[in-house]
Amino acid sequence: MTTQFNHYVTEMNSPLGTLTIVATDKGVCHIHFGNLTKCMAALKVWLKKQGRNGEVIHCQETLQPICQQLEEYFSGKRTKFDVPLDLCGTEFQKKVWNTLSEIEYGETKSYKEIAQKIGAPKAVRAIGGANNQNPIPIIIPCHRVIGSNGSMVGYGGGLDKKEILLSLEGVPAKIS
């Protein structure tokens, strides 16, 4: 089933480089690492995969509240986000992402701990897969998920970005 949505996009600078923020009237639905030109092809593929149709409209004003909250996060003034989200994914993915959202600023959890928390203790690899497909990194803090031995493993944006985010939150991290 295809759903008609307008998708508002803007770019912002961050310590991770340029971020492209995407939202619908319901809320933030995607954050890309990179500028809009770089991300547009991937965004169109993602929208089609999610069964979404509609225009992609560049609109800084509509996305100002989320950009403001991200700027506050990067400057150390914000530890929680309170913008509406428009999550697209399977029920399992949404369950994982909602659990990730419960990990407090400056804390980490292992993939195994997340699997146990959602009642699927043997689904560690599936947790990793859902983490990798998180469409709203930073706000849904998949960077706070680490290996059972405390090492940083895997991050869709690259381990360098994960290291920056954890460091910003005061979490000592080691790359395996």
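The coordinates are above.
Nothing here was measured: the structure is a model prediction, and the numbers come from that model.

What about the nonpolar core?
- Among the nonpolar cores identified, the biggest contains 36 residues, and Ile21, Leu70, Phe74, Leu100 and Ile138 are the most heavily contacted of them.
- If you list the elements that add at least two residues to this core, you get strand E2 (7-14), strand E3 (17-23), strand E4 (28-33), helix H2 (64-74), helix H3 (91-100), helix H4 (111-117) and helix H5 (124-132).
- At 5 residues, H2 tops the list of elements feeding residues into this core.
- Each of domain 1 (5-75) and domain 2 (91-169) gives at least three residues to this core.
- Excluding its chain neighbours within four sequence positions, the residues that come into contact with Leu100 are Ile114, Asn131, Ile140, Pro141, Cys142 and Val145.

Regarding the packing of H3 against H5
- Taken N-terminus to C-terminus, the directions of H3 and H5 make an angle of 80 degrees; their axes are 9 Å apart at the nearest point. Judged on the interaxial angle alone, H5 and H3 are roughly perpendicular. Within the contact between the two elements, H3 uses Phe92, Gln93, Val96, Trp97 and Leu100 and H5 uses Ala126, Ile127, Ala130 and Asn131.
- Among the residues forming the contact of H3 with H5, the class breakdown is 7 nonpolar, 2 polar and no charged.

Description of the packing of aromatic side chains
- Throughout the structure, instances matching the rule amount to 3 aromatic pairs.
- Measuring from ring centre to ring centre gives 5.5 Å for Tyr73 and Phe81, while their planes differ by 40 degrees; the resulting arrangement is tilted.
- Take Tyr73: its relative accessible area is 0%, and that puts it in the buried class.
- Members of the aromatic cluster, each reached through a chain of ring pairs, are Tyr73, Phe74, Phe81 and Tyr105.

Calculation criteria
- Residues numbered from 1 in each chain as written.
- Predicted model: local features only at pLDDT ≥ 70, side-chain atom pairs only at ≥ 80, totals over all residues.
- Heavy atoms only, no water.
- Core = buried A, V, L, I, M, F, W, Y, C linked by side-chain atoms within 4.5 Å.
- Buried < 20%, exposed > 50% of the residue type's maximum accessible area, 1.4 Å probe, protein only.
- Helix = DSSP H or I, 4+ residues; strand = E, 2+ residues; numbered from the N terminus.
- Domains from an automatic or database assignment.
- Contact = heavy atoms within 4.5 Å.
- Axes fitted to C-alpha atoms, helices over the stretch in contact; angles between N-to-C directions.
- Parallel < 35°, antiparallel > 145°, perpendicular 65-115°, else oblique.
- Nonpolar A, V, L, I, M, F, W, Y, C, P; charged D, E, K, R; others polar.
- Phe/Tyr/Trp six-rings, centres within 6.5 Å; stacked < 30°, edge-to-face > 60°.

All quantities given are derived from atomic positions and should not be read as evidence of function.
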